[in-house]
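Next come the chains, spelled out residue by residue.
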Amino acid sequence: MSTRNDHGAISANEDAASGSGRTASRLPRRTLLKAAGATTLVTAAGAAVARPAAAAELKDFDVIVVGAGLAGVTAARELKAQGKRVLLLEARNRIGGRTWTDTYLGQQIERGGAWVDPLQPYVWRELTRYKVPIVADAGVERSILPTLDGFQEYDPAEAYARQKELFTPFFEDGNREYFERPYEPLYREDLVRRHDGFSLRDRLDQLTYAPEEEIRLTSTTSLYGGSSKRGALTHLTQWWALAGWNFDGFHGVNTYRPKDGTVSLLKAILTEAAPTLRLNSPVASVEQDGSRVRVVTRAGEHFVAPEVIMAVPVNVWKTIRFTPALPEAHLTASTAGIGVPHEKKLWLDLKQPADRFVAEAPEGHPICIMGRFDVGQPVVAFSVKDTFDVRDGRQVEAAVKDILPDAELLGYTAHDWHADEFALGVGAFRQPFQLTRLHRDIQKPHGRVKFAGGDIADGWSGYMDGAVESGIRAAGGKLLTATEIKHLTSAAALRAPQVDRRLYRSMSAF
Ligand SMILES: Cc1cc2nc3c(=O)[nH]c(=O)nc-3n(C[C@H](O)[C@H](O)[C@H](O)COP(=O)(O)OP(=O)(O)OC[C@H]3O[C@@H](n4cnc5c(N)ncnc54)[C@H](O)[C@@H]3O)c2cc1C
């Protein structure tokens, strides 16, 4: 491989030390890490002011929100609208959590969540409210799919037409009633129960596709944790229902992005919320005592308020000490995990191929999906293989070349979300039985402690939309009615840049 610089054990080690799990083959990391060590009080406008720890001056809050991802900042804004004083505690040195606008090779990239869609009413409403400009990717020119003896190139329209035929029976068994109201996943709990125990692998087995057909589907079915056995059929079916019960809607959700990155939306919400934001403040424990909740950071600072909203990923709950202990459902969910494990997102500097393509690989391959979605952009790739070590440049190059033998990899940058201690996975994708056995209970407060996050949303759980919905719910804000959702999604579709959505490939939330 010809490299402009090598794949960098040095930067990989720095990342491991910082606990971020990110591997950057070229980015200067020292500046970032230096900033991460400081205790910083940040104004809503984003200006950081270094301050000594001063717990005494930080006690007059009505609510403490833990986690400055999309759910946390949305909750903070809703609370502000109710006249509440909010302290927002964030573990990292940045806002955004599992969304993370960064740069690579001088270009804007998203290391986490990237795409938004008019079919997603909560997040689209926020984008509209703050006039955040939206762009559409250009769509792909080539589609590369696995066959039984390698990979084959197709015209994308042709490839997706076949995938549509294969995927549609996956969800449609003549009965759509079990997700009659997709934003209320347990509205027909009686019917959902019949399906909730099935994994995606179970459904593949039921449908008895020919091996050469099934292999075209497993990049999707294994995307939720590395094996098609992990993900629940009901979660994918709910997304399918939210997308309008059709393949085009489902595939199209990876078309649009905020032009200036997801961070532009986060900043807009945060500016309105104007909480006291404290970065670099990982919370170690949450103790309820009579009428107050005490939140203690790892550094030993403590803050007290009558109410707390935990807007951290479900997978992270188990790492925080709660007194009294978390209810069983919350602990079970956190221990088993709802956020998809093992996922890494990579950005590859490929000299060849230079066109816009998408390539899918079968279950078990180190790279599930990769593609270049816009002219001149680096190639984005996703891996859910537990043994794939993105710090090892040789492994990365071998995985890429296995799919694209002529590829010329010049460099890459990656983030391992599973190794990231403040995420412990990517977005939500429930496992069998988690919807019917846990979902309702883990949305419930634990005394004076409430929970928020895209992982426990009713609608687009696993997407940014779900994070907004959940932040509104936890803060006691007004959720959208079915009529409002219908109205918003059709109006939003008209405002979105018009492109041929058949040329886009869903990576679902990931
Ligand atoms: C690789 C990847 C790709 C994705 N692609 C898409 C996509 O294209 N479209 C889409 O809609 N969604 C996508 N998602 C999902 C989406 O990003 C998430 O569902 C959403 O951002 C979750 O928001 P949240 O606020 O619930 O959680 P988070 O964003 O995780 O926010 C939680 C916050 O809590 C903080 N925290 C954690 N522990 C502590 C602690 N102990 N003390 C204090 N703070 C703490 C974290 O640092 C974080 O800032 C993707 C996610 C990933 C990772």
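Residues numbered from 1 in each chain as written. Predicted model: local features only at pLDDT ≥ 70, side-chain atom pairs only at ≥ 80, totals over all residues. Heavy atoms only, no water.

Draft legend 1. Region of the structure containing the environment of A333. Of note, A333 is situated in helix α14 (residues 328–336). In this structure the C-alpha to C-alpha distance between A333 and L438, which are 105 residues apart in sequence, comes to 7.0 Å. (Helix = DSSP H or I, 4+ residues; strand = E, 2+ residues; numbered from the N terminus.)

Draft legend 2. Representation of the packing of aromatic side chains within the structure. This model, assessed by the stated rule, comprises 19 aromatic pairs. Aromatic ring contacts, followed pair by pair, group F167, F170, F171, W240, F247 and F250 into a single cluster. The positively charged end of R111 is found above the aromatic ring belonging to W100, 5.3 Å away from the centroid. In this structure, R216 packs its charged tip against the face of Y154, placed 4.8 Å from the ring centre. (Phe/Tyr/Trp six-rings, centres within 6.5 Å; stacked < 30°, edge-to-face > 60°. Lys NZ or Arg CZ within 6 Å of the ring centre and 35° of its normal.)

Draft legend 3. Seen up close, the environment of V449. Positionally, V449 belongs in strand β23 (residues 449–451). It is 9.8 Å that separates the C-alpha atoms of V449 and A474, two residues lying 25 residues apart in sequence. In contact with V449, other than residues within four places in its own chain, are V286, Q288, V293, V308, M310 and F322. (Contact = heavy atoms within 4.5 Å.)

Draft legend 4. Examining empty space enclosed by the protein more closely. Taken as a whole and judged by the stated rule, the model has one cavity of 30 Å³ or more. Counted as a void, the largest cavity has a volume near 120 Å³. If you trace the largest cavity, you find it lined by Q108, I109, E110, A114, W115, D137, R257, K345, W347, F373, Q377 and V380. Taken together, the elements giving at least two residues each to the lining of the largest cavity come down to β7 (107–110) and β18 (344–352). (1 Å grid on protein atoms, 1.4 Å probe; cavity = no way out; pocket = protein on both sides within 12 Å on 5 of 7 lines; lining within 4 Å. Points joined across faces, edges and corners; volume = space filled by probe spheres on them.)

Draft legend 5. Structural view of the pattern of salt bridges. Tallied over the entire structure, the rule returns 32 salt bridges. A salt bridge links K164 to D248; the nearest nitrogen and oxygen atoms lie 3.3 Å apart. Placement of the pair is K164 in helix α5 (residues 156–171) and D248 in helix α11 (residues 247–252), with a sequence separation of 84 residues. Using a relative accessible area of 34% as the deciding quantity, one classes K164 as partly exposed. (Salt bridge = Lys/Arg side-chain N within 4 Å of Asp/Glu carboxyl O. Buried < 20%, exposed > 50% of the residue type's maximum accessible area, 1.4 Å probe, protein only.)

In short, geometric facts, not functional conclusions.
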